[in-house]
Amino acid sequence: MTIQGKVHKYKDNVDTDVIIPARYLNTTSHAELASHCMEDIDADFVKRVQKGDIIVAHKNFGCGSSREHAPIAIKASGIACVIAQSFARIFYRNAINIGLPILECPQAANDIQNGDEIRVDLDNGTITNITTGKTYQTKPFPPFIQGIINSGGLLKTIAKYQ
């Protein structure tokens, strides 16, 4: 699977409370969650984000609470992939469970800038910055994780076998 989009760049320790503030956790509507995604760290995010865009961040993206609302809000906002130096482990697993591709690539996370256009090949772990022409390599997901992401999440994967 290949993803191409514009970058929205963030620094270290973007926690789940700024990805989706707790005051909006009383809804299960993915569209409602998306409408408030990143608003406490980037008030104009929902106005700028386009379907297929990519978040790039530094260390410890998704730290904080273990709620699935954070990756759901990101995915529902139109973000197709998140690249970071590192992820909080529970966010990492929640993202895979809901079918949001995430990649750890410290060099790409450092180099890629806000507004850059990048292409991500999830099958081979290649990240290409179209703006600069620079390419980065990260470890691709194993086939079973790729299957979960390609199916749209763990529940959709399980449903295929029932």
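Concerning the pattern of salt bridges
Across all of its chains, the model carries 7 salt bridges by this definition. For the salt bridge of Arg48 with Asp42, the shortest nitrogen-to-oxygen distance reads 2.7 Å. Classification of Asp42 by relative accessible area gives buried; the value is 13%. Salt bridges linked by common partners bring Arg23, Glu39 and Asp40 together as one network.

Topic: the nonpolar core
Among the nonpolar cores identified, the biggest contains 50 residues, and Phe61, Ile74, Ile83, Phe91, Val120 and Ile127 are the most heavily contacted of them. Once residues lying within four places of it in the same chain are set aside, the contact partners of Ile74 are Ile19, Cys37, Ile55, Phe61, Ile79, Val82, Phe91 and Leu100.

So, the packing of aromatic side chains
Taken as a whole and judged by the stated rule, the model has 5 aromatic pairs. A centroid spacing of 6.1 Å and a plane angle of 85° characterise the contact between Phe61 and Phe87, whose relative ring orientation is edge-to-face. Highlighted residues: Phe61 in the loop between β2 (54–57) and α4 (69–76) and Phe87 in the loop between β3 (81–84) and α5 (89–97), separated in sequence by 26 residues. For the ring pair Phe87 and Phe91, a centre distance of 6.1 Å and an interplane angle of 5° mean the geometry is stacked. In this pair, the class of Phe87 matches that of Phe91, namely buried. One aromatic cluster is present, built from ring pairs that chain together Phe61, Phe87, Phe91, Tyr92 and Phe141.

A word on the packing of α4 against α5
Contact pair α4 / α5: the axes reach a minimum separation of 8 Å and the direction vectors enclose 50°. Here α4 lies oblique to α5, going by the angle between them. Regarding α4 and α5, the two cross each other, and that crossing is right-handed. In contact with Ala70, Pro71 and Ile74 of α4, α5 contributes Phe91, Asn94 and Ala95. Split into classes, the residues belonging to the contact of α4 with α5 amount to 5 nonpolar, 1 polar and no charged.

Focus: the sheet that holds strand β5 (residues 117–121)
Whenever strands of a sheet pair, they do so through backbone hydrogen bonds, lying parallel or antiparallel. Spatially, 7 strands are ordered β4-β3-β2-β1-β5-β6-β7 in an open sheet, and the strand pairing comes out mixed. The sheet is open, and its two borders are formed by β4 (102–104) and β7 (135–137), each paired with just one other strand. Mean inter-strand twist for the sheet, computed between neighbouring axes without regard to direction, equals 25°. By the bridge criterion, 5 bridges tie strand β1 (residues 2–10) to β5 in an arrangement that is antiparallel. Note that in β5 the partner of Gln4 across the bridge is Arg119.

Quick notes on the pairing of β3
Consecutive side chains of a regular strand alternate in pointing toward one face of the sheet and then the other. Along β3, one buried face is formed by Cys81 and Ile83 and the opposite face, lined by Val82 and Ala84, is buried too. Note that β2 and β3 share 4 bridges and pair parallel. Bridging from a neighbouring strand, Ile55 pairs with Val82 of β3. In this fold, β2 hands off to α4, which returns the chain to β3; that crossover is right-handed. Taken together, the 3 bridges between β3 and β4 define a ladder with parallel strand orientation. Note on β4: the bridge partner recorded for Val82 is Ile102. What joins β3 to β4 is α5, and the crossover it makes is right-handed.

Details of the side chain of Thr128
Tracing the backbone through its elements, the reader meets Thr128 in strand β6 (residues 126–129). Using a relative accessible area of 17% as the deciding quantity, one classes Thr128 as buried. If we ignore the near neighbours within four places in the chain, the residues touching Thr128 are Glu117, Ile118, Arg119, Lys134 and Thr135.

About the thresholds
Residues numbered from 1 in each chain as written. Predicted model: local features only at pLDDT ≥ 70, side-chain atom pairs only at ≥ 80, totals over all residues. Heavy atoms only, no water. Salt bridge = Lys/Arg side-chain N within 4 Å of Asp/Glu carboxyl O. Buried < 20%, exposed > 50% of the residue type's maximum accessible area, 1.4 Å probe, protein only. Core = buried A, V, L, I, M, F, W, Y, C linked by side-chain atoms within 4.5 Å. Contact = heavy atoms within 4.5 Å. Phe/Tyr/Trp six-rings, centres within 6.5 Å; stacked < 30°, edge-to-face > 60°. Helix = DSSP H or I, 4+ residues; strand = E, 2+ residues; numbered from the N terminus. Axes fitted to C-alpha atoms, helices over the stretch in contact; angles between N-to-C directions. Parallel < 35°, antiparallel > 145°, perpendicular 65-115°, else oblique. Left-handed = near helix turned anticlockwise from the far one by under 90°. Nonpolar A, V, L, I, M, F, W, Y, C, P; charged D, E, K, R; others polar. Pairing = 2+ DSSP bridges. Right-handed = clockwise from strand over helix to strand, strands pointing away.

By themselves, these are just geometric observations and shouldn't be taken as functional.
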